[in-house]
Amino acid sequence: MEISPSSRLARQLGSVLEPIVGQVYFSPEAHANYVALGFDASRGDANGVALPDGPSYFASRGSVLGQVSGEVIAAGFGVFSPAVVVPSVKLAWTRTDAATIRAARAEGALAQLRRLLGEHPDGTDRGLELLARAAAVLSITGRPMAAGIRSLPLPSDPLAALWHVGDFLREYRGDCHNAAWVAAGLSATDIGLLTELYWGMTLRSYSRSRGWTEAEFDASESRLRDRGLLDGPGLSDAGRELREQLEVATDVQMLPALNALGEDATELCELLEPWGKTIRAGHGYLASGPHDLGGR
């Protein structure tokens, strides 16, 4: 399926934002902040990148929604099993509150960025200007995670503000993607299996990290085969076409942001891409992963 220039650009923007924003989930500074609140330390590392503890991950990311239940956070995230999210969030709220862990998260994100990129990396002001322009035109209707971030005040520090707006755009794309696969009649396990195959990964590999059981995967795989979306261990032509259509549907919802940027969208990507490389080189984010396919 031919990818349009606008889809390619939307995916590229998501791809370059990923290590800059998503580094918060691997930030030793953020993990230390959570430990100070009573959470467990990082559960290990992947080639030197510190991995997050489950309860602190769900509560910190979900804190943008407010002091809400695990069911609400599971719904906002979309792809995680409520059986894992709900007890993790219940435990988290016995240790801290949403405002406190939200501040710990933002402080941890900024601290790692400063450690790896410097106090005020070249291009910070221009990057913030462009990201803010892209974010300003996006409607939060039907997009809970993005709405939660928009409800929060913009930090006064430029680098903190850039991360905050980047977090909004990252979650906005996630909200859009959730809307696309739900509208296509897929379940969370369905989209997990389709996506890992779409990314060229082994069935039940990446999706296993979302807490689903083998029985739930079995049922999902049966549904997908009944719909003709799987062929042996991989995607059928129909399955690949559907998964690509879902990505395009996600890209389309990002068009207002790209239109607001105009020709400056390419400048923004070129400005941020070296930041992501530096963060990865400093073990602030996974060295490679599915998000690298974003610009394909």
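This text follows the structure it describes.
Residues numbered from 1 in each chain as written. Predicted model: local features only at pLDDT ≥ 70, side-chain atom pairs only at ≥ 80, totals over all residues. Heavy atoms only, no water.

Details of the environment of leucine 159
Here leucine 159 shows up in helix α9 (residues 158–183). Among the residues examined, leucine 159 registers a relative accessible area of 0% and is labelled buried. C-alpha of leucine 159 to C-alpha of leucine 128: the two residues are 31 residues apart in sequence and 7.8 Å apart in space. Aside from chain neighbours lying at most four places away, what touches leucine 159 is Leu110, Leu113, Arg114, Gly118, Glu119, Pro121, Thr124 and Trp275. (Helix = DSSP H or I, 4+ residues; strand = E, 2+ residues; numbered from the N terminus. Buried < 20%, exposed > 50% of the residue type's maximum accessible area, 1.4 Å probe, protein only. Contact = heavy atoms within 4.5 Å.)

Overview of the nonpolar core
Among the nonpolar cores identified, the biggest contains 67 residues, and Trp93, Leu131, Phe168, Leu272 and Trp275 are the most heavily contacted of them. Counting residues per element, this core draws most heavily on α9, at 10 residues. Non-local contacts of tryptophan 275, meaning those with residues more than four positions away in its chain, are made with Ile20, Leu117, Pro121, Asp122, Gly123, Thr124, Leu159 and Leu162. (Core = buried A, V, L, I, M, F, W, Y, C linked by side-chain atoms within 4.5 Å.)

Some words on the side chain of serine 220
For serine 220, the location among the structural elements is in helix α11 (residues 214–226). If we ignore the near neighbours within four places in the chain, the residues touching serine 220 are Ser187, Thr189, Asp190 and Leu193.

Re the packing of aromatic side chains
The tally for this structure, following the rule as stated, stands at 10 aromatic pairs. Relative to tyrosine 57, the ring of tyrosine 25 lies with its centre 5.2 Å away and its plane at 70°, an arrangement referred to as edge-to-face. Note that tyrosine 25 is positioned in the loop between α1 (5–22) and α2 (28–36) and tyrosine 57 in helix α3 (residues 54–62), a separation of 32 residues in sequence. Taking relative accessible area as the criterion, tyrosine 57 reaches 13% and is therefore assigned buried. Here the aromatic rings of phenylalanine 77 and phenylalanine 80 are separated by 6.0 Å at their centres, their planes lie at 65°, and the arrangement is edge-to-face. Accessibility expressed as a relative area gives 4% for phenylalanine 77, which makes it buried. For phenylalanine 80, a relative accessible area of 7% puts it in the buried group. Each member of the aromatic cluster is reached from another via a ring pair, and the members are Tyr25, Tyr57, Phe58, Phe77 and Phe80. (Phe/Tyr/Trp six-rings, centres within 6.5 Å; stacked < 30°, edge-to-face > 60°.)

Some remarks on the environment of phenylalanine 77
Assignment of secondary structure puts phenylalanine 77 in helix α4 (residues 70–77). Taking the C-alpha atoms as reference, phenylalanine 77 lies 17 Å from glutamate 247; in sequence the two are 170 residues apart.

With respect to the pattern of salt bridges
Evaluation of the coordinates by the stated rule reveals 21 salt bridges. The salt bridge involving arginine 114 is made with aspartate 157; its shortest N-O contact spans 2.7 Å. Separated by 43 residues along the polypeptide, arginine 114 in helix α6 (residues 98–117) and aspartate 157 in the loop between α8 (144–150) and α9 bring together distant segments of the chain. Taking the relative accessible area as the measure of exposure, aspartate 157 reaches 24% and is therefore partly exposed. We note a salt bridge from arginine 243 to glutamate 247, for which the minimum N-O separation is 2.8 Å. In this pair, arginine 243 and glutamate 247 both sit in helix α12 (residues 237–253), 4 residues apart, roughly one turn of the helix. (Salt bridge = Lys/Arg side-chain N within 4 Å of Asp/Glu carboxyl O.)

Details of α6
Helix length check: α6 (20 residues) gives 28 Å between terminal C-alpha atoms against 28 Å at 1.5 Å per residue, within 8%. All of the buried residues along α6 are Ala98, Ile101, Ala104, Arg105, Gly108, Ala109, Leu110, Gln112, Leu113, Leu116 and Leu117. If you follow the buried residues of α6, they end up packed against α1, α2, α3, α9 and α14 (264–281). Capping the start of α6, aspartate 97 holds a side-chain oxygen 3.1 Å from the backbone nitrogen of alanine 99, two or three residues further along. A positive backbone phi angle near 105° is found at glycine 118, which sits one or two residues after α6. (Expected span 1.5 Å × (residues − 1). Polar contact = N/O pair within 3.5 Å; in protein donor to acceptor, adjacent residues only side chain to side chain.)

Quick word on the packing of α1 against α9
At their nearest, the axes of α1 and α9 sit 9 Å apart, and the two run at 130° to each other. It follows that α1 is oblique to α9 by the angle criterion. The handedness of the crossing between α1 and α9 comes out as left-handed. Every residue of α9 that contacts α1 at Ala10, Arg11, Leu17, Glu18, Ile20, Val21 and Gly22 is listed here: Leu162, Trp163, Gly166, Asp167, Leu169, Arg170 and Arg173. Each residue belonging to the contact of α1 with α9 can be placed in one class, and the counts come to 7 nonpolar, 2 polar and 5 charged. (Axes fitted to C-alpha atoms, helices over the stretch in contact; angles between N-to-C directions. Parallel < 35°, antiparallel > 145°, perpendicular 65-115°, else oblique. Left-handed = near helix turned anticlockwise from the far one by under 90°. Nonpolar A, V, L, I, M, F, W, Y, C, P; charged D, E, K, R; others polar.)

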